[in-house]
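# Structural characterization, general
Residue-level listing of the chains:
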Amino acid sequence: DAKTTQPPSMDCAEGRAANLPCNHSTISGNEYVYWYRQIHSQGPQYIIHGLKNNETNEMASLIITEDRKSSTLILPHATLRDTAVYYCIVRVGGSSNTGKLIFGQGTTLQVKP
Amino acid sequence: GAVVSQHPSRVICKSGTSVKIECRSLDFQATTMFWYRQFPKQSLMLMATSNEGSKATYEQGVEKDKFLINHASLTLSTLTVTSAHPEDSSFYICSARGLVGETQYFGPGTRLLVL
């Protein structure tokens with residue numbers, strides 16, 4: 001199973017971009033990179049996922065390196081409500097309806113005023 | 001995103017009793033549901049995976065006779081913690097994945113306190 005490595009914590013100033021890195025050097029060719037976040041005492045919230053290409057949605061952008069060994073989640077304009085634990089996960093199995101999400105320790109992002 | 005609900009949101013029970021937690025996918029059909037447990041200041045730990053109409057697959061170290069999982073329909077899965085003890089107190093979170101899509105969505109969690 002491909003594992004991920006994330007910094008345990010990061011700070012970001014409100015209104016600035018938050019760039020959260022993730023290493024997944026053992027990722028396989030058909031494994032997706034998923035990002036979720038968990039605000040205190042809530043269930044994880046889906047943010048974005050990708051395979052090879054960079055992805056963008058209304059919440060964030062995902063930049064995946066060409067060798068796919070690392071990725072960066074970008075929150076373009078962080079707000080105080082973005083304070084949460086962010087999890088980068090490589091989905092085991094890879095195809096549409098197999099595989100499971102195994103959570104690591106994630107990065108605690110603290111957005112400061 | 002898709003909506004997953006859980007009921008109850010929190011429950012307090014006496015040691016030795018059983019507790020049932022429901023997980024529903026509200027706007028999509030979930031062929032696969034997952035149950036996680038999270039202790040304070042720790043990450044989520046996958047307990048089991050269930051496919052509609054099939055027996056659940058439990059992760060190593062999770063007692064299948066203690067944590068009974070039923071996934072009888074495409075929108076409902078239940079987790080029953082049997083003969084609960086204080087060490088079972090935790091945050092239980094379900095997750096569901098649809099027929100065609102790849103994304104897995106999570107419920108809001110159920111906080112269980114066993115006295």
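Structure shown above.
A short tour of the structure in this document, coming up. (Residues numbered from 1 in each chain as written. Chains lettered and ligands numbered in written order. Predicted model: local features only at pLDDT ≥ 70, side-chain atom pairs only at ≥ 80, totals over all residues. Heavy atoms only, no water.)

## Some points on the sheet that holds strand β6 (residues 61-64) of chain A
Working definition: the strands of a sheet are paired by backbone hydrogen bonds and lie parallel or antiparallel to each other. Residue and element names in this part refer to chain A. Worth spelling out the cut-off: What makes two strands pair is DSSP finding at least two bridges between them. Segments assigned H or I by DSSP are reported as helices when at least four residues long, segments assigned E as strands when at least two residues long, and all are numbered from the N terminus.
Taken in spatial order, the four strands line up as β2-β7-β6-β5 in an open sheet, and their pairing is antiparallel. The open sheet has two free edges, formed respectively by β2 (18-23) and β5 (55-56), since each of these has just one partner strand. Examined bridge by bridge, β2 and strand β7 (residues 70-75) share six bridges and lie antiparallel to one another. Paired with alanine 18 across the strands is leucine 75, a residue of β7.

## A closer look at the environment of Glu14(A)
Residue and element names in this part refer to chain A. Selection rule: Whether two residues are in contact is decided by their heavy atoms, any of which lying within 4.5 Å being enough.
Structurally, glutamate 14 is set in the loop between β1 (9-13) and β2. It is 14 Å that separates the C-alpha atoms of glutamate 14 and isoleucine 74, two residues lying 60 residues apart in sequence. In this structure, glutamate 14 is in contact with Ala78, Thr79, Leu80, Val111, Lys112 and Pro113, ignoring residues within four places of it in sequence.

## Notes on the state of the cysteines
Where we set the bar: What counts as a disulfide here is a pair of cysteine sulfur atoms lying within 2.5 Å. A simple rule labels every residue: compare its accessible area, found with a 1.4 Å probe on the protein chains alone, to the largest value its type can have, and call it buried under 20%, exposed over 50%, or partly exposed in between.
Counted according to the given criterion, the structure contains two disulfides over all chains. Each disulfide pairs two cysteine sulfurs, and for Cys23(B) the partner residue is Cys94(B), the sulfurs being separated by 2.0 Å. For the disulfide bridge between Cys23(B) and Cys94(B), the dihedral angle about the S-S bond is near 75°, and by the sign convention the bridge is right-handed. Residue Cys23(B) is found in strand β3 (residues 19-25), and its partner Cys94(B) is found in strand β9 (residues 90-98); the two are separated by 71 residues along the sequence. Overall, Cys23(B) belongs to the buried group, its relative accessible area being 0%. Considering cysteine sulfurs only, Cys22(A) is the nearest to Cys12(A), which forms no disulfide, with 18 Å between them. Classification of Cys12(A) as buried rests on a relative accessible area of 9%. No disulfide involves Cys13(B); its sulfur sits 18 Å from that of Cys94(B), the nearest cysteine. The buried category is assigned to Cys13(B), whose relative accessible area is 9%.

## Things to note about the pattern of salt bridges
Our working definition: By salt bridge we mean one thing: a side-chain nitrogen of Lys or Arg within 4 Å of a carboxyl oxygen of Asp or Glu.
Counting across every chain of the model gives five salt bridges over all chains. Close ionic contact of Glu59(B) with Lys100(A) constitutes a salt bridge, the shortest N to O distance being 2.8 Å. You can see Glu59(B) sitting in the loop between β6 (57-58) and β7 (67-73) and its partner Lys100(A) sitting in the loop between β8 (84-90) and β9 (107-112), one on each of two chains.

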